[in-house]
Structures are given as structure tokens and as C-alpha cells.
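# Structural description and commentary
Spelled out, the chains give:
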Amino acid sequence: MSLMGQMMHMPLMISSLLTHAARHNGDVEIVSKRVEGDMHRTNWAGIEQRSRKLAQALERLGLKTGDRVGTLAWNGYRHLETYYGVSGSGMVCHTINPRLFPQQVAWIVNDAEDKAIFVDLNIFPLVDKLAPMMPSVKHVVVMCGREHMPKESSIPNLLCYEELVEAEDGNYQWPTFDENTAASICYTSGTTGNPKGAVYSHRSTVLHAYASAMPDAMSVSSQDTVLPVVPMFHVNAWGLPYASAMIGCRLVFPGHHLDGASLYNLFEQEKVTFSAGVPTIWLGLINHAKQNNLKFSTFKRTVIGGSACPPAMIKTLQDDFGVEVIHAWGMTELSPLGTLSRLKAKHADLPKDQKEAILAKQGKGIYGIDMRIVDGDGKVLPWDGKAAGDLEVRGHWVISSYFKMDKSPLHDGWFPTGDVATIDPDGYMQITDRSKDVIKSGGEWISSIDLENVAMAHPAVHEAAAIAAFHPKWDERPLLVVVKKPGAEVTAAELIAFYDGKIPKWQTPDDVVFVDEIPHTATGKIYKLKLRETFKDHKLPTA
Ligand code: ADP
């Protein structure tokens, strides 16, 4: 007969992250650049106390366990309190990206049936306009003090965050319940079709926080001052609000001030050591630092993911600024972390360029996530670093179904990511492309990421996107769309020649077009769908 373990069973609760932070690191600072324009300072003990008050206020408003509470807010302490107050009391925190098209915001709020919306002052006009289209929303809370409340609004009974919180006494016990209860919900961006909701549990969120902080993952500790550039509405800032409470680090929130100059000043003023964000945001910061001949005095490490980080960016940050880049891959359906690129002990003596080649990959699966690649028939492919197939994952923080959707997204118990990848014998995964972005030239596949990575290494290139353009003979051929650096000059022929020896000749782009700006999605990724539309009638010189 099997012998059962005799350990305490404590459900993994999101509130336990915060009570731990308050108890063990209560005096550690949480700094926010506010929408109101000033700096605000509190600490983990303060956040915990006000989150309790917020939980009381939510109950006073009549909200119940399982009710969804939407947020439309930048990174800041009030948003952090909302994360914990909502999930901690058994409600479901639904972060919404304010950069989505307004109709999409309304669609998502309706799908989630949000009962309340918490909104930052400078996003309020959006909610004011959309209110008649969001019948489930009974309460709108503006995240500011009475003195800043909007003077005019079509919404009756507009609530003031500070009044709501400060009216309570904080005499509240965080409830304990089933760890599989829903804690938060994030929608995929829906660049193709309607957005889909991923519903995270308390358990999946806490496990993800454990795994993400590990030395071979994000490697973030209580020694760090963490500035999440990645918004709290982009897959919950990649879980940093939870991992930070777990480890008790200092947090600095940038609000909506995300341009290169504002970020640089905040990094320096607040002695930031660690950050995370999508590649686009680093383009702005690097440009600002280079143009003004600036260096970072405390910034040491950053996680970059969300789309492929060009090797040239990793090298610049490392060689010119002394910032170590941890390249990571993930997605909304994975809470989001799947793989991170960190070296193994056996790589210690490799030459610099070989180490760089490993670190440029999307990385190794962390414990808690398993992965495999399969071909079109579902046959599992080898980990030889050459075979490319559809990437599938499973694990403790991977969805098993989408919100309100009956049809299982799983294939054979695995979640198909829609990405095409190779995995090498050491377990390093490399994304070739999103399957819908692959360029199919005469039946052969060309990786748009490979083409972009080469272009991004050219000194005159600010940003580059490779897309498929119609070709009468080959069906598709690569077209490179380029934004030049300010004042830099380069011709199409020079850029095409730049590919010589860097990739197989037949993969070289057939043409280059220069544009002032490349369109981005609401999460700051290159908007390939839109680019393909724009250039659908582009006539290739080779056609
Ligand atoms: P969306 O982009 O639709 O908002 P996600 O943020 O969930 O949704 O995007 C996940 C996708 O982003 C992945 O499936 C993959 O295609 C891409 N991605 C994320 N990180 C990387 C990376 N490091 N390299 C390449 N692609 C990445």
C-alpha cells in the first residue's frame, strides 16, 4: 500500500505572495512615476495594507467571488494594488491593453463580462466613450485622488480610487480557497480573428512566479531594483508583479512615460538594475543613449522577448552598455514564460561569438514547461538543431482551454503555439517564425526572423521587417521593409549586398523598400499582417 506524504497542504494563493512581501520585506520601496506627473513612493507593507482596503471596497460595491474586474492602466502602484486586491479576494483581474482599437476593448470587456473597470486618468476618455457599449460594467473607478477626478463625464456615479480605498479600515483577512480558482484573465491580441481569453489560476500564477525568478530563468532577486517596461496589461508584465513580491525586490514603475529619454532618466535616478520589455522599446532607449553619449551606471540585466530580439541588439547592449540580455520566448497562453536563453556550465570556455550564437536563440525550457516539435502529420521531430517543426508545449502554466470556448485548442494533450522552431541537442529552442509569417518560396521556407536579424546588424538600419511578396514563379519571395536611422544613408542594392555570405544566397530579399515608420501592434510587435496588406501589390524587380 502506498504511504502518503504527511506535509501541510497550503493552497498556492496569490495573496500569500503579498503577505510574504509585507512581512519579510515590508520596508522595500515601490516607486511610481504617476500619470499625475509626480513621483510616488510606498513599500510592500503599504501595498499590502491598501490592497486589503481595496478588497473591502470591492465587496462593499457588491462584487462577488469570480466576478471579473477590468483594468485599463499603466504600470504603477495603484495597478499593483488592484492586481492583489482583486485576485486576493477571489475575483478575477482582467488587464486590458488601452492601445487596442476601441471596438476591440469593448468586445473584450463584454466577452469577459467585467463588472467593474479601474482606469488611469489619461485613459479615462476611452472608457467614457465606450461606456454605453459595455452593459456589464456597473462601476467605473478612476485611479486618482478627488482633486484630479474628471470634471465632466457621461458615466453616472463615477468612483474615485483614493476615496474608495481610504474609506476602508483594512480590517480584512485574505481568504483561502481552492488554488485552482481563476485569478486573472488576459486576452491574446487577436491580430487574426477575435481575441481569446486565457484564464490563469492562483496555482499557475504562483508556480510561474517561482520558476521565472530562478537563476537560469530571469535571475531576479531581492538585491535588484526592477523596472518592468513591459506593461502590466501585456501578459501581466510577464509575471513580474508576482515574482517581485515573492523575492521582495524594489520595484520602479514608469507609468506611461516609455520614450527613450524618460526611461533613461528613470533608470539612472532610481538606480535600476533589472528590466524587461519587447525589442521595440529598447530601440528607443539605445538610440537615446547613443545619440547623447550616455552610459548606464547601475543597469545590469534585462529580459527581452515578445518578438525575436535581433542579435545586433543583444551585442550592443552587452558590448556598448554592459547590459546582459536574457532572450526569452513566451506567449499569453503560457502566462507567458516558456524558454529563456542562458548558458550551461559546459559553455564557459567557448569563444565569445559561439556564446553569442547560443544566447541569441530563444532558449531552454524551464522546469514546469515541456516542449516538442512536430511535422505537418503530427510526427515528433528530433532535437538536432536542424529539423524545423510546429512548436507544442505543455506544463503547469499552459492553458488547457480558452475562456468560454468549448473546442479544445490542444493537439494530443499539447498546446500548439503557432510558432515554427528547431531544438538543438542541448535543448535550446530557436524560433524560425510564426507559421503565418514564414515566407514560402517555391515550396522552401525562408525565416523572416533570419532576414530581419541580418538587416538589423547594418549600421544604417533602425528597424527592419521581412515579409512575403507575390512572385509569379516562386509564389512568394522576401521583401525587406526598412526604416533608416536618422541621418543615415543606404541604398537597396547595398542592403541586398550586405546579405552576401550571411545566409544562403537564394534566401536573399528580392527587394528593399524604405519607409518612415513600420506599423506595430498594440503590444509593440511588428504588425506583419498590415505590412503584407500595404505591400500586396508591390512589384518585385525579379517578377
Ligand atoms: P500577441 O503577440 O498576439 O499579443 P503574445 O504576446 O502571446 O500575443 O505573442 C506570442 C508570440 O510572440 C509567440 O507565439 C511568438 O510568435 C512571438 N514571440 C514571443 N517571444 C518571442 C521571441 N523571443 N522570439 C520570437 N518570437 C517571439
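The structure displayed is predicted, hence computed values, not measured ones. (Residues numbered from 1 in each chain as written. Predicted model: local features only at pLDDT ≥ 70, side-chain atom pairs only at ≥ 80, totals over all residues. Heavy atoms only, no water.)

What follows covers the overall build of the protein chain. The number of helices and strands found in the protein chain is 16 helices and 25 strands. Taking 24 Å as the expected radius of gyration for a compact globule of 543 residues, we find that the protein chain reaches 24 Å, a close match to that expectation. Judged by the C-alpha coordinates and their principal axes, the protein chain covers about 70 × 70 × 50 Å. Each of the 543 residues in the protein chain was classed as buried or not, and the buried ones make up 59%. The long-range share in the protein chain, meaning contacts at least 24 apart out of those at least 6 apart in sequence, stands at 67%. Carbon and sulfur atoms make up 52% of the accessible area of the protein chain, which amounts to about 23,000 Å² in all. (Helix = DSSP H or I, 4+ residues; strand = E, 2+ residues; numbered from the N terminus. Rg over C-alpha atoms; globule rule 2.2 N^0.38 Å. Buried < 20%, exposed > 50% of the residue type's maximum accessible area, 1.4 Å probe, protein only. Contact = heavy atoms within 4.5 Å. Areas by Shrake-Rupley, 256 points an atom, 1.4 Å probe, with all protein chains shown as cover.)

Side chains of residues three or four places apart in an α-helix project in the same direction, reflecting 3.6 residues per turn. Within helix α14 (residues 448-456), eight of the nine residues are buried, leaving the element largely enclosed by the surrounding structure. Along α14, the positions that sit buried rather than exposed are S448, I449, L451, E452, N453, V454, A455 and M456. Sitting at the amino-terminal end of α14 is S447, which places a side-chain oxygen 3.3 Å from the backbone nitrogen of I449. (Polar contact = N/O pair within 3.5 Å; in protein donor to acceptor, adjacent residues only side chain to side chain.)

Mapped onto the present numbering, the UniProt feature "domain: AMP-binding enzyme C-terminal" (unreviewed entry) falls at residues 451-525. The span residues 451-525 is 16% helical and 33% strand by assignment, and the distance between its end C-alpha atoms comes to 16 Å. (UniProt positions renumbered as here; feature names shortened; annotations may be inferred.)

As a structural note, the neighbourhood of the ligand is formed by 16 residues, with S189, A328, T332, D419 and K525 the closest of them. Residue H234 places a side-chain N or O atom 3.2 Å away from an oxygen atom belonging to the ligand. For the ligand, a nitrogen atom lies 2.8 Å from a polar atom in the side chain of Q362. Against a free-state accessible area of 570 Å², the protein chains account for coverage of 93% of the ligand. Here the shell around the ligand gets four residues from one element, more than from any other, and that element is strand β14 (residues 324-330). (Near = heavy atom within 4 Å.)

Now for the nonpolar core. Formed by 87 residues in total, the largest nonpolar core has its most connected members in W44, L80, Y84, F118 and M218. Grouped together as the second largest cluster of nonpolar side chains are 47 residues, I281, F299, M313 and M456 included. (Core = buried A, V, L, I, M, F, W, Y, C linked by side-chain atoms within 4.5 Å.)

Let us now look at the packing of helix α1 (residues 14-25) against helix α9 (residues 240-247). As a packed pair, α1 and α9 sit with axes 7 Å apart at the nearest point and diverge in direction by 40 degrees. Between α1 and α9, the interaxial angle falls into the category oblique. Here the hand of the crossing between α1 and α9 comes out left-handed. Every residue of α9 that contacts α1 at I14, L17, L18, H20, A21 and N25 is listed here: Y242, A245, M246 and I247. A class-by-class count of the residues in the contact of α1 with α9 yields eight nonpolar, two polar and no charged. (Axes fitted to C-alpha atoms, helices over the stretch in contact; angles between N-to-C directions. Parallel < 35°, antiparallel > 145°, perpendicular 65-115°, else oblique. Left-handed = near helix turned anticlockwise from the far one by under 90°. Nonpolar A, V, L, I, M, F, W, Y, C, P; charged D, E, K, R; others polar.)

This paragraph deals with the pattern of salt bridges. Tallying each qualifying case throughout the model produces 34 salt bridges. Between E36 and R78 there is a salt bridge, with the nearest N and O atoms lying 3.1 Å from each other. In this pair, E36 is assigned in the loop between β1 (29-33) and β2 (39-43) and R78 in helix α3 (residues 77-88), connecting sequence segments 42 residues apart. Of the residues examined, E36 reaches a relative accessible area of 23% and is grouped as partly exposed. Here K290 and D320 are joined by a salt bridge, their closest N and O atoms 3.0 Å apart. Placement of K290 in helix α11 (residues 279-291) and of D320 in helix α12 (residues 311-321) is noted, with a sequence separation of 30 residues between them. A residue is classified by how much of its surface remains accessible, and K290, at 44% relative accessible area, is partly exposed. Its relative accessible area of 33% is what places D320 among the partly exposed residues. By sharing partners, the salt bridges in this structure join R34, E36, D38, R50, K53, R78, E81, E162 and E166 into a single network. (Salt bridge = Lys/Arg side-chain N within 4 Å of Asp/Glu carboxyl O.)

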